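Chain residues, written in single-letter form:
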Amino acid sequence: MRFVRKTITWALILMAAVLLHYVLPRHDVARITGTEIIRMDFSAINRPFYAQSDSANVDLPQRDVRLINTVKKRTYLLGFIRSDREKVFVYRNEDTGWIWPPYFKFDSSDLQAEALANVSTAGNVQWVEITRYGWRNRFFTIYPNAIAIKPIEGPDVRIIPWFNIFFLIFLGLAVLFIRAMWRQFRERVIDPGVNDTRDAWDRVDAYADERRSSVSRWWRSWTGK
């Protein structure tokens, strides 16, 4: 029973961690190389990873999706050698609306125009900070959703995820508070009830033993055995 309980607990923790990894915002440093709009047919596999159509539009099984093409700079440390490489990365640009996740994004068209205004060229290299959530999966055609774009000075700008830090601290404190409340509730309500139930069963067993003993004495008085 304890093994099953631990397995369920760790499974719930893993599911919560995966959900937070998908939903919480992340910040990428990249160069925008262009934008495009593609027509997509959604399947049962990748449909849950897309938000919805633009606000006030009908959400259809097939619709246009805005994409932002970028190049991200990645640093690899190979022993004592530092290797800076660039990797292409594609974002989608969709409204989240009032539903899930709660980013309340309604400005996909404006963000697409902002991406076009910050396109990097050979003569004008422009680095931007892209705030996004979600995952990139080429096999299932899944793109992370861009939330905001902000021009920055260069690729070495250090970005501190303050929102994620404060959110995780708040979440940890909330979990500890709920755990403390649950322990108090269990000590004050559940445990006394369980103890009362056990005492009641003990009294029933004692009464049953007493009745069996009385019957045995009565039978021996009649049979002499």
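Everything discussed here concerns the structure shown above.
Residues numbered from 1 in each chain as written. Predicted model: local features only at pLDDT ≥ 70, side-chain atom pairs only at ≥ 80, totals over all residues. Heavy atoms only, no water.

(A) The overall build of the chain, seen in detail. Along the backbone of the chain there are three helices and five strands. Of the regular secondary structure in the chain, the N- to C-terminal order runs α-β-β-β-α-β-β-α. Looking at the chain residue by residue over its 225 residues, the buried ones come to 28%. Look at the contacts in the chain between residues 6 or more apart in sequence, and 66% of them connect residues 24 or more apart. With an accessible surface of roughly 16,100 Å², the chain has 63% of that area assigned to carbon and sulfur atoms. (Helix = DSSP H or I, 4+ residues; strand = E, 2+ residues; numbered from the N terminus. Buried < 20%, exposed > 50% of the residue type's maximum accessible area, 1.4 Å probe, protein only. Contact = heavy atoms within 4.5 Å. Areas by Shrake-Rupley, 256 points an atom, 1.4 Å probe, with all protein chains shown as cover.)

(B) Expanded view of helix α2 (residues 108–117). The complete set of buried residues in α2 reads Ser108, Leu111, Gln112 and Ala115. Each buried residue of α2 sits inside an arc of 105° when the element is viewed along its axis, so together they form one side. More than 90 degrees from the buried face of α2, the exposed residues found are Asp110 and Ala117. (Arc of directions from axis to C-beta.)

(C) The packing of aromatic side chains, seen in detail. For the structure shown, the criterion picks out twelve aromatic pairs. When the ring of Tyr22 is compared with that of Phe49, the centres are 5.8 Å apart and the planes differ by 70°; the resulting orientation is edge-to-face. On the criterion of sequence distance, the pair formed by Tyr22 in helix α1 (residues 2–23) and Phe49 in the loop between β1 (26–41) and β2 (62–78) is long-range, its members being 27 residues apart. On the basis of relative accessible area, Tyr22 is assigned to the buried category, the value being 11%. Pairwise contacts between aromatic rings join Tyr22, Phe49, Tyr103, Tyr133 and Trp135 into one cluster. In this structure, Lys72 packs its charged tip against the face of Phe89, placed 4.3 Å from the ring centre. Here Arg92 stacks its cationic end above the ring of Tyr50, 5.0 Å away from the centre of that ring. (Phe/Tyr/Trp six-rings, centres within 6.5 Å; stacked < 30°, edge-to-face > 60°. Lys NZ or Arg CZ within 6 Å of the ring centre and 35° of its normal.)

(D) Just a positive patch on the surface, in detail. A surface patch of like charges, here positive, comprises Arg2, Arg5, Lys6, Arg179, Arg183 and Arg186. Within the secondary structure, Arg2 is located in helix α1. Note on Arg2: relative accessible area 59%, which makes it exposed. (Patch = residues over 30% accessible without salt bridge, like charges linked within 9 Å, V, L, I, M, F, W, Y side chains within 5 Å. Salt bridge = Lys/Arg side-chain N within 4 Å of Asp/Glu carboxyl O. Lys, Arg positive; Asp, Glu negative; His and termini not counted. Charge placed at Lys NZ, Arg CZ, Asp CG, Glu CD.)

(E) Seen up close, the layout of surface pockets. Taken as a whole, the largest pocket encloses approximately 330 Å³ of empty space. Around the largest pocket sit Val175, Leu176, Ile178, Arg179, Trp182, Arg183 and Arg186, which together line it. A breakdown of the residues in the lining of the largest pocket according to their chemical character gives four nonpolar, no polar and three charged. (1 Å grid on protein atoms, 1.4 Å probe; cavity = no way out; pocket = protein on both sides within 12 Å on 5 of 7 lines; lining within 4 Å. Points joined across faces, edges and corners; volume = space filled by probe spheres on them. Nonpolar A, V, L, I, M, F, W, Y, C, P; charged D, E, K, R; others polar.)

(F) Spotlight on the nonpolar core. Of all hydrophobic cores here, the largest spans eleven residues; its members are Ala30, Ile32, Ile68, Phe89, Tyr91, Leu111, Ala115, Val128, Ile130, Ala146 and Ile149. Listing elements by their share of this core, those giving two or more residues are β1, β3 (81–93), α2, β4 (127–133) and β5 (145–152). Formed by seven residues, the second largest nonpolar core is a distinct cluster that contains Met40, Val65, Val90 and Tyr143. (Core = buried A, V, L, I, M, F, W, Y, C linked by side-chain atoms within 4.5 Å.)

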